Amino acid sequence: MTRSKTILAAGVLGIFLLLAAATGHAYPKNAPWQELGRYQETITRREFEHLLTRFFNPSKAVYGYLDINDSRVIIYNDRGRSKVDFTLRFAAGEDSKKSAAYYYKTISDLNALKNPPDKPLKGVKITLDPGHIGGKWAGMEERQISWANYPLIREGDANLVVSKKVRPRLEALGATVFMTHEVPEPVTKSRPEDYMAEARAEGKSGGALRRRAEMYFYRRDEIYERGQLLRTKFQPDFNISIHFNATELSGGGEITRDNRHAFFIQAAFGPDEVNREMWRYFLFSKLLERTIPMEGAMGDFITEEILKVAPLRANAYAWTKYTCPINDNPYNNGRNLAMTREFPGPTVLCELFYMNNPWTAARMTAGDFSGTKFIEGAGGTYRSIYEDYADAVVNAVRRLFTKWTVEGFPKPPPTVVTRSWGPKLNEAPVDAMLARNNAGTNAAAAAANSPTNPPPAKKNWFWSWF
């Protein structure tokens, strides 16, 4: 098999811009299927179907749009198969695969950099995406929390703090680093008012009309415009989206004892989700990028690093029609999420801590600071939580890319998470940390989880490897 190469994609990227302009809104209504022409004869049927059924569509619902044999797969626009969207020709075998024109540097490309140990990221482009918008938009996004005596927490603002700490440290290691935004303002020029007619055409009225228009603004078009930056300007080799997490009822003031970490990688399009043409297009686009090994490795390495400073349990998702495991690291989850779907190239979304856990909230509202200090609500002396988060990301990126660009490791390297924790995670450090912090969390959590407001049931956090 010939070594895959990375190319600039300015020509086909213009297709996205033309489609967006034609619709009058940022998000295109028709998928640029012709862009997938770069992958003709670069993948065998066996690999294609393995990726499709193991990761991208475990329910196999998308087969209703496919006609597949050993030489090609025809992707139809409808289940009645009246219109062809795209035909992908398969390679006859591993030895006959053509070089794929990827947007990003593959592991082979990274091996070829042969970087010095002190600059493992030389020649590497990384995009940091501070999740959500923050600032005055946080309430609309439903990404702010205020309860008990804690100051208001706006997730978008916190994500910016972490990202701005990560950027110069990666640059010092040789990387070219982009950020999707540097202030708590939207990237898209559109506003909710631009989508009122679209929402009204769907039968929405009153408060539901406004909420639907707002959702199109901050969830659909804002994330799409960030993806456009990656496609047309940044063309990165890796994307990392920085988020803090919370439980589902946090917006209603729920306080929880639970506190977990998770990483999300694009996978597991649900049976109803494949009915949307653009999402169906992104399913095959992401599948043909073949980035999951690199994404899983990044999730593994950040898991290792964050557990050194905050050994919390995994917010793990089992096999469902909408979720799947990525590897034997329970912190890595496959889901169809807007950011991981719309961003080209290897992409990992970090969802660390629960903001509505009193220990986390106390540390977040203590602000960013140098050194350590006693944080009463957290029941101990700590560094800034933003520093811990940033260090975990930087150390993970440094270690992983050192494997690829300095040591020339030809595949995703094994880690403590997947190698030494074996079939069962050692929870002793987790339990010890929870015990140390009980003094800072029990009172608030006990009040929140009273008999009239019981704690949510915990998810099964571990599964066996596929």
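Data block above holds the structure.
### Concerning the overall build of the chain
Next, step 1: Counting its regular elements, the chain contains 14 helices and 17 strands.
Next, step 2: By the burial criterion, 58% of the 466 residues in the chain qualify as buried.
Next, step 3: Taking the intrachain contacts of the chain between residues at least 6 apart in sequence as the baseline, contacts between residues at least 24 apart amount to 77%.
Next, step 4: Accessible surface computed for the chain: about 19,000 Å², of which carbon and sulfur atoms make up 53%.

### Quick notes on the sheet that holds strand E2 (residues 66-68)
Next, step 1: Across the sheet, three strands lie side by side as E2-E3-E4; this open sheet has antiparallel pairing. Each edge of the open sheet is held by one strand with a lone partner, namely E2 and strand E4 (84-89). Neighbour-to-neighbour, the strand axes of the sheet open up by a mean angle of 15 degrees, direction not taken into account.
Next, step 2: Pairing geometry for strand E3 (residues 72-76) and E4, over five bridges, is antiparallel. Bridge pairing in E4 links Ile 75 to Phe 86.

### Thoughts on the pattern of salt bridges
A side chain of one charge can pair with a side chain of the opposite charge when the charged atoms of the two come close.
Next, step 1: Following the criterion strictly, the structure yields 33 salt bridges and no others.
Next, step 2: The residue Arg 210 makes a salt bridge to Glu 214 at a minimum N-O spacing of 3.0 Å. Placement of the pair is Arg 210 and Glu 214 together in helix H7 (residues 206-234), with a separation of four residues, close to one helical turn.
Next, step 3: Residue class for Arg 210 comes out partly exposed when judged on its relative accessible area of 31%.
Next, step 4: Measuring nitrogen to oxygen at the nearest pair gives 3.1 Å for the salt bridge that ties Glu 305 to Lys 308. With Glu 305 and Lys 308 both in helix H9 (residues 292-309) and three residues apart, the pair spans about one turn of that helix.
Next, step 5: Judged by relative accessible area, which is 5%, Glu 305 ranks as buried.
Next, step 6: The network of salt bridges with shared partners includes Lys 165, Arg 169, Arg 363, Asp 368, Arg 383, Glu 387, Asp 388 and Asp 391.

### Remarks on the side chain of Asn 159
Next, step 1: Mapped onto the secondary structure, Asn 159 falls in helix H5 (residues 155-172).
Next, step 2: Classification of Asn 159 as buried rests on a relative accessible area of 0%.
Next, step 3: Apart from residues lying up to four places away in sequence, Asn 159 is in contact with Pro 130, Gly 131, His 132, Ile 242, His 243 and Phe 244.

### A few points about H5
Next, step 1: Taking 1.5 Å of rise per residue, 18 residues should cover 26 Å, and H5 covers 27 Å from first to last C-alpha, within 8% of that figure.
Next, step 2: Buried residues of H5: Glu 155, Gly 156, Ala 158, Asn 159, Leu 160, Val 162, Ser 163, Lys 165, Val 166 and Leu 170, and no others.
Next, step 3: Buried residues along H5 sit against strand E6 (125-130), strand E8 (153-154), strand E9 (176-179), strand E10 (238-245), helix H11 (358-365) and helix H12 (385-406).
Next, step 4: A positive backbone phi angle near 105 degrees is found at Gly 174, which sits one or two residues after H5.

### Looking at unusual backbone geometry
Next, step 1: Despite not being glycine, Lys 60 has its phi angle at roughly 65 degrees, a positive value.
Next, step 2: Take Lys 60: it is sitting in the loop between helix H2 (45-56) and E2.
Next, step 3: Judged by relative accessible area, Lys 60 falls into the partly exposed class, the value being 48%.
Next, step 4: With a phi angle near 55 degrees, Arg 290 is a residue other than glycine that sits in the positive phi range.

### Examining the environment of Asn 332
Next, step 1: With respect to the secondary-structure elements, Asn 332 resides in strand E14 (residues 332-335).
Next, step 2: By relative accessible area, which is 0% here, Asn 332 ends up buried.
Next, step 3: As a C-alpha pair, Asn 332 and His 261 span 71 residues in sequence and 9.5 Å in three-dimensional space.
Next, step 4: Side-chain polar atoms of Asn 332 contact the side chain of Asn 327, separated by 3.4 Å.

### Some remarks on the nonpolar core
Next, step 1: Among the nonpolar cores identified, the biggest contains 102 residues, and Phe 48, Leu 170, Phe 244, Phe 284 and Phe 353 are the most heavily contacted of them.
Next, step 2: Here this core takes twelve residues from H12, the largest share from any one element.
Next, step 3: With near-sequence residues (within four places) excluded, Phe 48 lies in contact with Ile 43, Ile 68, Val 73, Leu 88, Phe 90, Phe 284, Leu 287 and Leu 288.
Next, step 4: Ranked by size, the runner-up nonpolar core spans 13 residues in total, among them Ile 223, Tyr 317, Leu 337 and Ala 338.

### Structural notes on the packing of aromatic side chains
Next, step 1: Evaluated as defined, the whole model comprises 16 aromatic pairs.
Next, step 2: Ring plane angle 70 degrees and centroid distance 5.6 Å describe the contact between Phe 264 and Tyr 317, whose orientation is recorded as edge-to-face. Taken together, the residues span a long stretch of sequence, with Phe 264 in strand E11 (residues 260-266) and Tyr 317 in the loop between strand E12 (313-314) and strand E13 (323-325) at a distance of 53 residues. Each member of the pair, Phe 264 as well as Tyr 317, is classed as buried.
Next, step 3: Put simply, the rings of Phe 244, Phe 353, Trp 359, Tyr 382, Tyr 386 and Tyr 389 touch in pairs and so form one group of aromatic residues.
Next, step 4: The ring of Trp 279 carries Arg 276 above its face, with NZ or CZ at 4.0 Å from the centroid.

### Quick look at helix H8 (residues 277-289)
Next, step 1: The end-to-end C-alpha distance of H8, which contains 13 residues, comes to 18 Å, matching closely the 18 Å that a straight helix rising 1.5 Å per residue would cover.
Next, step 2: When you tally the buried positions in H8, you get 13 out of 13 residues, the bulk of the element.
Next, step 3: Two residues or fewer past H8, Arg 290 is found with a positive phi of approximately 55 degrees.

Thresholds, definitions, all that
- Residues numbered from 1 in each chain as written.
- Predicted model: local features only at pLDDT ≥ 70, side-chain atom pairs only at ≥ 80, totals over all residues.
- Heavy atoms only, no water.
- Helix = DSSP H or I, 4+ residues; strand = E, 2+ residues; numbered from the N terminus.
- Buried < 20%, exposed > 50% of the residue type's maximum accessible area, 1.4 Å probe, protein only.
- Contact = heavy atoms within 4.5 Å.
- Areas by Shrake-Rupley, 256 points an atom, 1.4 Å probe, with all protein chains shown as cover.
- Pairing = 2+ DSSP bridges.
- Axes fitted to C-alpha atoms, helices over the stretch in contact; angles between N-to-C directions.
- Salt bridge = Lys/Arg side-chain N within 4 Å of Asp/Glu carboxyl O.
- Expected span 1.5 Å × (residues − 1).
- Polar contact = N/O pair within 3.5 Å; in protein donor to acceptor, adjacent residues only side chain to side chain.
- Core = buried A, V, L, I, M, F, W, Y, C linked by side-chain atoms within 4.5 Å.
- Phe/Tyr/Trp six-rings, centres within 6.5 Å; stacked < 30°, edge-to-face > 60°.
- Lys NZ or Arg CZ within 6 Å of the ring centre and 35° of its normal.

All quantities given are derived from atomic positions and should not be read as evidence of function.
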